[in-house]
Amino acid sequence: MSSLLSSLSKTIHASLALAIILFLGLSYLNDGIAFDILFWSWLFRYIHVAVAIMWIGLLWYFNFVQIPNMGKIPDEQKPAIGKVIAPAALFYFRWAAAFTVLSGLILALLNGYLHDAMTFSIGSSVPKHTAIGIGMWLGIVMAFNVWFVIWPNQKRALGIVEADPETKAKSAKTAMLFSRTNTLLSLPMLLSMVAAQNLY
């Protein structure tokens, strides 16, 4: 067991295997698997939730843990954060954002409400689609911030791309402000998503 849990790769593969076994067991109790629209909708919802947890978890890690505590870290130890931890976290952060949006759009398409949600259900007046649409647009804005504002500025701030000290400092502040903007939008986005699933 120690060998399994000492390796992240082995742990993730084992977790995926357990999830598949559980899925097969639950499917057996429900008269088997039908690869119909319900199955694909379920699969993309599962993917959507999993990658969204990664994305928002890292967003909150940056804003609740890393940023507030950087000032407490001795200067000689800060390069470990900037050169190792932050770039790795930003890799998962930005790709989780992309896959959250992509899987969410596919899920909405499979369930037949993509257009209605993206237009806030103005033509059909379905409150559930208005709620999910608000959440989807907030998620798209947040993902845009990740890829087109936070990541380019973080590359300069962390020295991944060359920049003078003044530009690095300005980029670090811009990245932090847009990360905080995403934190500001995260609870309304989650509220809209959960409301659409549970209030209507």
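Up top is the structure these notes are about.
Criteria and cut-off values
Residues numbered from 1 in each chain as written. Predicted model: local features only at pLDDT ≥ 70, side-chain atom pairs only at ≥ 80, totals over all residues. Heavy atoms only, no water. Helix = DSSP H or I, 4+ residues; strand = E, 2+ residues; numbered from the N terminus. Contact = heavy atoms within 4.5 Å. Axes fitted to C-alpha atoms, helices over the stretch in contact; angles between N-to-C directions. Left-handed = near helix turned anticlockwise from the far one by under 90°. Phe/Tyr/Trp six-rings, centres within 6.5 Å; stacked < 30°, edge-to-face > 60°. Lys NZ or Arg CZ within 6 Å of the ring centre and 35° of its normal. Expected span 1.5 Å × (residues − 1). Bend = angle between axes of the 7 residues up to and from the residue.

Enquirer: Requested: an account of the side chain of Ser103, with residues and values cited.
Expert: Note that Ser103 resides in helix α4 (residues 78-110). Sequence-distant contacts of Ser103, that is, excluding residues within four places in its chain, are made with Phe44, Ile47, His48 and Val51.

Enquirer: Tell me about the packing of helix α3 (residues 37-69) against helix α7 (residues 165-198), and please be specific about residues and values.
Expert: Each packed pair of helices is defined by two parameters, the angle between the axes and the distance between the axes. The contact between α3 and α7 brings their axes to 10 Å, and the two run at 145°. Both α3 and α7 take part in a crossing whose hand is left-handed. Where α3 approaches α7, its residues Arg45, Ile56, Leu59, Trp60, Phe62, Asn63, Ile67 and Pro68 are matched on the opposing element by Met176, Ser179, Arg180, Asn182, Thr183, Ser186, Leu187, Met189, Leu190 and Gln197.

Enquirer: Account for the packing of aromatic side chains, with residues named and values stated.
Expert: Evaluation of the coordinates by the stated rule reveals 13 aromatic pairs. Between the aromatic rings of Phe91 and Tyr92, the centroid separation amounts to 5.3 Å while the plane-to-plane angle is 85°, which identifies the pairing as edge-to-face. Aromatic side chains Phe144 and Phe148 sit 4.9 Å apart centroid to centroid with 35° between the ring planes, which places their arrangement in the tilted category. Residue Phe144 and its partner Phe148 are located together in helix α6 (residues 127-157), separated by four residues, close to a single helical turn. An aromatic cluster is present here, built from Phe23, Phe35, Phe39, Trp40, Trp42 and Tyr46 joined pairwise through their rings. For the cation-ring pair, Arg94 lies above Trp151, with the distance from its terminal atom to the ring centre recorded as 3.8 Å.

Enquirer: Account for α4, with residues named and values stated.
Expert: An ideal rise of 1.5 Å per residue puts 48 Å on 33 residues; α4 measures up with 46 Å between its terminal C-alpha atoms. Of all the bends in α4, the largest measures some 35° and sits at Ile85, one to four residues before the proline Pro87.

What is shown is where atoms sit, not what they do.
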